[in-house]
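Structural overview
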Amino acid sequence: MPDDAQIKTLDSRQLCEAVWRENPGARVLNLGCGEQSWGANGNYVGADIFRGKHVDVMIDLDGGRLPFASGVFDIVMLDQVVEHLLQVVPLLQECHRVLKEGGYLHLTTPHFSNLSSWVDPTHHKHYSLHSFGFLFWEEKKVFTFPSIDGGFRKVCEEITFAPKQWFAKFLYRLSSRRFEKYYCKLIPARGIKVVGQKIPNPLSI
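My aim in this report is to walk through the structure given alongside it, one point at a time.

1. Side note on the pattern of salt bridges
Counted by the stated rule, this structure contains six salt bridges. Ionic pairing is found between D74 and K100, a salt bridge with its closest N-O pair at 3.2 Å. With D74 in strand β4 (residues 73–79) and K100 in strand β5 (residues 99–110), this pair connects stretches of sequence that are 26 residues apart. Owing to a relative accessible area of 29%, K100 belongs among the partly exposed residues under this scheme. Ionic pairing is found between R97 and E94, a salt bridge with its closest N-O pair at 2.8 Å. Of this pair, R97 and E94 both sit in helix α3 (residues 88–98), separated by three residues, roughly a single helical turn. Pair check on accessibility: R97 and E94 agree, each one buried. One connected set of salt bridges, linked through shared partners, spans R65, E94 and R97.

Below, the structure is given as structure tokens:
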């Protein structure tokens, strides 16, 4: 199984392939899969609100319950999905429910400074780096709205940049909050990547 440092360098597909190398029977749920094709792996489930060639299950992700038993998936992916939803917290709670102990949630979304976050008329929300802190044990205390029951161990919570945005990366590494407050207006970021692992919070045991 890849360690945290490796996971931070992997996109969702690379993470799944790394997990499958260690455990060929690992089950993967791709929510909002669109036209992504993952071959003939019988342990992969693609879900979307629209019917498609590679959609195995049709689901309305906006606040609805996922039609899967609890604790059945090793990875749940939400790649460029949450910005399209009005009810995000209930879906993330459902992602936590259907994950196995030790399983991973992998989420990506455009950063609010990215023009693409605003030009798509189907985008309902725009996110900053710490918008998903309520997922994690480490950040629960700073949020007053409901958090995820059980929570996740934080593996990755970072802003992503285009390969040539070296100066933006430098400013971000100096101070993520200062980058979002000041510098991203001049040098927009690309996206946000969040990875959490479902394991019991050791402080609550």
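Moving on, there is more to tell.
2. Here's the deal with the sheet that holds strand β6 (residues 153–160)
In a beta sheet, neighbouring strands are held together by backbone hydrogen bonds and run either parallel or antiparallel to one another. Pairing is mixed in the open sheet, where seven strands are placed in the order β3-β2-β1-β4-β5-β7-β6. The open sheet has two edge strands with one neighbour each: β3 (57–58) and β6. Where strand β1 (residues 28–31) meets strand β2 (residues 44–48), four bridges bridge the pair, whose relative direction is parallel. Across the sheet, residue V28 finds its bridge partner in β2, namely Y44. Relative to the sheet, α3 contacts β1, β4 and β5, its axis offset from that of β5 by approximately 150°.

3. Some thoughts on helix α5 (residues 166–174)
Where α5 is concerned, the buried positions are A168, L171 and Y172. Angularly, the buried residues of α5 cover 100° about the axis, an arc narrow enough to put them on a single face. Exposed residues on α5 whose side chains face more than 90 degrees from its buried face are W166, R173 and L174. Those residues of α5 hidden inside the fold are in contact with β6 and α6 (176–181).

4. Looking at the nonpolar core
In terms of nonpolar packing, the biggest core is built from 32 residues, with L29, L31, L78, L92 and L135 touching the most fellow members. For this core, the secondary structure elements donating two or more residues are β1, β2, β4, α3, β5 and β7 (191–197). Per-element tally for this core: the top contributor is α3, with five residues. Once residues lying within four places of it in the same chain are set aside, the contact partners of L31 are A47, L61, L66, V76, M77, L78, D79, V81, L91 and C95. Core analysis: the next-biggest nonpolar cluster, separate from the first, contains 18 residues, W20, Y44, I75 and V195 among them.

5. What about the side chain of K198?
With respect to the helices and strands, the residue K198 is situated in the segment after β7. From its side chain, K198 meets the backbone oxygen of L99 in a polar contact 2.8 Å long. In this structure K198 touches H96, R97, L99, K100, E101, G102, G103 and F152, once residues within four positions along its chain are discounted.

6. Details of the packing of aromatic side chains
Applying the stated rule across the entire model yields seven aromatic pairs. Ring pairing ties together the aromatic residues F161, Y172 and F179, which thus form one cluster.

7. Focus on a nonpolar patch on the surface
Taken together, the side chains of W166, F167, F170 and L174 present a nonpolar region at the surface, about 500 Å² in accessible area. Mapped onto the elements, F170 comes out in helix α5. On the basis of relative accessibility, which here comes to 44%, the residue F170 falls in the partly exposed class.

8. Topic: α3
Counting buried positions over the eleven residues of α3 gives eight, a clear majority of the element. Within the span of α3, buried status applies to V88, L91, L92, E94, C95, H96, R97 and V98. Elements that come into contact with the buried residues of α3 comprise β1, β4 and β5.

Scoring rules and cut-offs
The residue numbering used here restarts from 1 in each chain and proceeds along that chain's sequence as written. Restriction of local features to residues with pLDDT of at least 70 applies here, the model being predicted, together with a cutoff of 80 or more for giving and counting side-chain atom pairs; totals for whole chains, interfaces and linings are based on all residues. Based on all heavy atoms of the structure, the side-chain values leave hydrogens and waters out of the count. Basic side-chain nitrogens of Lys or Arg form a salt bridge, by our definition, when they fall within 4 Å of a carboxyl oxygen of Asp or Glu. Per the convention used, a helix needs a DSSP run of H or I reaching at least four residues, while a strand needs a run of E reaching at least two, with both numbered from the N terminus. Classification of residues uses two cut-offs on accessible area relative to the type maximum, computed with a 1.4 Å probe and protein chains only: under 20% is buried, over 50% is exposed, and between them is partly exposed. Two strands qualify as a pair provided DSSP detects at least 2 bridges between them. Only heavy atoms enter the contact rule, under which two residues are in contact if any of them lie within 4.5 Å. Each axis is a line fitted through C-alpha atoms, taken for helices only over the stretch in contact, and angles between the N-to-C directions span 0 to 180 degrees. Comment: arc refers to directions from the helix axis out to C-beta atoms. Buried Ala, Val, Leu, Ile, Met, Phe, Trp, Tyr and Cys residues that are joined via side-chain atoms within 4.5 Å together make up what is termed a nonpolar core. Any pair of nitrogen or oxygen atoms within 3.5 Å is treated as a polar contact; in protein, a donor-acceptor pairing is required on top of that, and neighbouring residues in sequence qualify only through side-chain atoms on both sides. Stacked, edge-to-face and tilted are the three classes for Phe, Tyr and Trp ring pairs, Trp counted by its six-membered ring, which pair at centre distances within 6.5 Å; planes under 30 degrees apart are stacked, over 60 edge-to-face, the rest tilted. Only residues whose relative accessible area exceeds 30% and that form no salt bridge enter a patch; like-charged residues are grouped when within 9 Å of one another, and nonpolar side chains (Val, Leu, Ile, Met, Phe, Trp, Tyr) when within 5 Å. Accessible surface area values rest on a Shrake-Rupley calculation with a 1.4 Å probe, where residue burial reflects the displayed protein chains alone.

Keep in mind these numbers describe shape, not what the thing actually does.
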